[in-house]
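As a plain string of letters, each chain reads:
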Amino acid sequence: MVASHSRRRLGFSMLGVIAAVCLLSNLVVLWLARQPMAIQPVGLSFIIDLYLISQAVWGIVWVQPVLLGIYLAYAKPSAVRRAIVGVAVLALMWAAYWLGFCLLFGSSRPFFIPYRQSWEMLWLWSIGTISCAFAMWGSRISRGWRLVSEVEEERMEKCAPPIARSETVAEIVMLLLFVVAAISGPEWFRGRFDSGIGVICFCVLALVATIVLAPTVFVSLRYRQLAAVCVALFGLVIGLPAALGGIVWFFVLQLGGSITANDFVGPLVIALFASGTLAATLVAIRLAGYRLQQRPFEKKLVAKTPVDPFSD
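Throughout what follows, the structure given in this document is the object of discussion. Residue numbers here run from 1 along each chain, matching the order of that chain's written sequence. In keeping with the predicted nature of the model, local features appear solely for residues at pLDDT of at least 70, side-chain atom pairs appear and are counted solely at 80 or more, and the whole-chain, interface and lining totals rest on all residues. The side-chain quantities take in all heavy atoms of the structure and omit both hydrogens and water.

Helical segments are the DSSP runs of H or I of at least four residues, strand segments are the runs of E of at least two, and each set is numbered from the N terminus. The secondary structure content of the protein chain amounts to ten helices and four strands. The secondary structure elements of the protein chain, listed N-terminal to C-terminal, are α-β-β-α-α-α-β-α-α-α-α-α-α-β. A 1.4 Å probe rolled over the protein chains alone gives each residue an accessible area, and that area as a share of the maximum for its type sets the label: buried under 20%, exposed over 50%, partly exposed in between. Out of the 312 residues belonging to the protein chain, those deemed buried represent 39%. In the protein chain, the proportion of contacts linking residues at least 24 apart, taken out of those at least 6 apart, comes to 77%. Here the protein chain displays about 17,500 Å² of accessible surface, and carbon together with sulfur accounts for 71% of that area. Between two residues, a contact is recorded if the distance between any of their heavy atoms is within 4.5 Å. Here, Shrake-Rupley sampling with a 1.4 Å probe gives the accessible areas, and only protein chains in the shown set may cover a residue.

Right, let's get into empty space enclosed by the protein. Grid points spaced at 1 Å over the protein atoms alone were grouped into cavities, where a 1.4 Å probe fits but cannot get out, and pockets, open sets with protein on both sides within 12 Å along at least five of seven lines, with lining residues defined by an atom within 4 Å of a point. Grid points are joined across faces, edges and corners, and a volume is the space filled by probe spheres set on the points. Scanning the entire structure with this criterion turns up one cavity of 30 Å³ or more. The computed volume of the largest cavity comes to approximately 90 Å³. The wall of the largest cavity is formed by Arg140, Ile141, Gly144, Trp145, Arg146, Ile163, Glu167, Thr168, Glu171, Arg295 and Phe297. For the lining of the largest cavity, the elements supplying multiple residues, two or more each, are α4 (116–143), β3 (145–149) and α6 (165–183). For the lining of the largest cavity, the leading source of residues is α6, giving three residues. Here the nonpolar group is Ala, Val, Leu, Ile, Met, Phe, Trp, Tyr, Cys and Pro; Asp, Glu, Lys and Arg are the charged ones; every other residue, Gly included, is treated as polar. Looking at the lining of the largest cavity residue by residue, the class counts come to four nonpolar, two polar and five charged.

Glancing now at helix α2 (residues 50–74). The terminal C-alpha atoms of α2, which comprises 25 residues, lie 37 Å apart, in line with the 36 Å expected from a rise of 1.5 Å per residue. Note on bend: at a given residue it equals the angle between the axes fitted to the 7 residues ending there and to the 7 starting there. The sharpest bend along α2 comes to roughly 30 degrees, located at Val63, with the proline Pro65 sitting one to four residues further on. Here α2 lies mainly inside the structure; 20 of its 25 residues are buried. Take the residue count of a helix, subtract one, and multiply by 1.5 Å to get its expected span.

The next point concerns the packing of aromatic side chains. Only Phe, Tyr and Trp rings take part, Trp by its six-membered ring, and two of them pair if their centres are within 6.5 Å. Stacked means planes under 30 degrees apart, edge-to-face means over 60, and tilted covers everything else. Taken as a whole, this structure holds nine aromatic pairs when the rule is applied. Consider the rings of Tyr97 and Trp125, whose centres lie 5.8 Å apart with planes at 75 degrees: the pair is edge-to-face. You can see Tyr97 sitting in helix α3 (residues 79–105) and its partner Trp125 sitting in helix α4, a full 28 residues away along the chain. Judged by its relative accessible area of 0%, Trp125 is buried. Look at Phe134 and Phe202: their rings are 5.5 Å apart centre to centre, the planes differ by 85 degrees, and that puts the pair in the edge-to-face class. Within this pair, whereas Phe134 is found in helix α4, its partner Phe202 is found in helix α8 (residues 196–222), the two being separated by 68 residues in sequence.

Looking now at the nonpolar core. Residues belong to a common nonpolar core when they are buried Ala, Val, Leu, Ile, Met, Phe, Trp, Tyr or Cys residues joined through side-chain atoms within 4.5 Å. With 44 residues, the main nonpolar core has Tyr74, Trp137 and Leu278 as its most contacted residues. One finds Leu32, Met93, Tyr97 and Leu122 within the second-largest nonpolar core, a separate group that totals 17 residues.

In this analysis, axes come from line fits to C-alpha atoms, helices being fitted only over the stretch in contact, and the angle between any two N-to-C directions falls in the range 0 to 180 degrees. In contact at an axis separation of 9 Å, α2 and α3 are set at 165 degrees when each is read in the N-to-C sense. Judged on the interaxial angle alone, α3 and α2 are roughly antiparallel. Read as a crossing pair, α2 and α3 show a hand that is right-handed. Across the interface between the two elements, Gln64, Leu68, Tyr71, Leu72 and Ala73 from α2 touch Arg82, Ala83, Val85, Gly86, Val89, Leu90 and Met93 from α3. An angle counts as roughly parallel when it lies under 35 degrees, as roughly antiparallel when it exceeds 145, as roughly perpendicular when it falls between 65 and 115, and as oblique in every other case. Left-handed is the label given to a crossing in which the near helix is rotated counterclockwise from the far helix by less than a right angle, and right-handed is the label when the rotation is clockwise.

Another point: a nonpolar patch on the surface. Nonpolar side chains (Val, Leu, Ile, Met, Phe, Trp, Tyr) within 5 Å and like charges within 9 Å form the patches, drawn only from residues with over 30% relative accessible area and no salt bridge. Salt bridges are defined by distance alone: a side-chain nitrogen of Lys or Arg within 4 Å of a carboxyl oxygen of Asp or Glu. A cluster of nonpolar side chains, namely Ile200, Val204, Leu207, Val208, Ile211, Val212 and Leu240, defines an oily patch on the protein surface of about 600 Å² accessible area. Among the elements that line the nonpolar patch, the one with the most residues is α8, at six residues. Within the secondary structure, Val204 sits in helix α8. What makes Val204 partly exposed here is its relative accessible area of 47%.

Burial runs high along β3: five of the five residues are buried. Neither face of β3 is open: one carries Trp145, Leu147 and Ser149, the other Arg146 and Val148, and all of them are buried. Pairing of β3 with strand β4 (residues 290–294) involves five bridges; the strand directions are antiparallel. Within the sheet, the bridge partner assigned to Leu147 lies in β4 and is Leu292. Strand pairing is defined by DSSP finding a minimum of two bridges between the two strands.

Tallied over the entire structure, the rule returns three salt bridges. The salt bridge partner of Glu171 is Arg82, with a shortest N-O separation of 2.7 Å. Separated by 89 residues along the polypeptide, Glu171 in helix α6 and Arg82 in helix α3 bring together distant segments of the chain. Arg82 carries the same exposure label as Glu171, and that label is buried. We note a salt bridge from Arg140 to Glu171, for which the minimum N-O separation is 3.5 Å. One end of the pair, Arg140, is in helix α4; the other, Glu171, is in helix α6, with 31 residues separating them in the sequence. Bridged by salt links that share partners, the residues Arg82, Arg140 and Glu171 form one connected network.

This is the structure we're talking about:
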């Protein structure tokens, strides 16, 4: 029991550290992007590569919609409560990014007026969150998967409360509302683009999330076998950056251009830190004692009418 309690405390501590790192990354990412590619501290002989540090922070920034999508899809609370918390977290992410934007560029205009670029970032995070959550949320609606603690999992195996039809309808309605809001984002935040941009972005991101992210998250949070979880996380941390690096290399060669070290290493570092942050979050959720558990659906009662065998 002591070991289990310490493990859960370690998991929640990791989640808190990851949340703090994400908010700090949103605050400083633009500042890092405007710094020289490398600096040499005064009195020291080594050089700090700020370009790679900036790319690593961008990786943490871009993986946050995936983390929020996992919560929206699999967390225990009702659809309305998850939506409220999700919007609040998204607003907090955007507030940290906007604050960093204003501290860096805010000398020419009032501090409290958001820049257009910060609204664009909010839309990118929003559509990324819904796209990543779409397949996982669909598995919750169709199969009843959700995150529960180990204690609740044992209780559910004995007498799991069925999923009511009203709950399923609420989940479907909330998911559709989020999809429509995310797709319509360019009209709200950018004005000059039609919703076709949102449809394309949603379809591409949802396809990638369905093929790559959703299976990895499911295996990592469902299976008890350590080997299966390690294979999934290893494929995420190593396979995704390697695939992205290969794609960048292929397209650069096809275009006939010369590839530089930054063209290849930059996206590779972004993918590596994004996948590493996601893997660390999945490990922290498991350490905190949460697993995916399937709830049964409410069965429709059919009234049975006795049949007279002698009737015509």
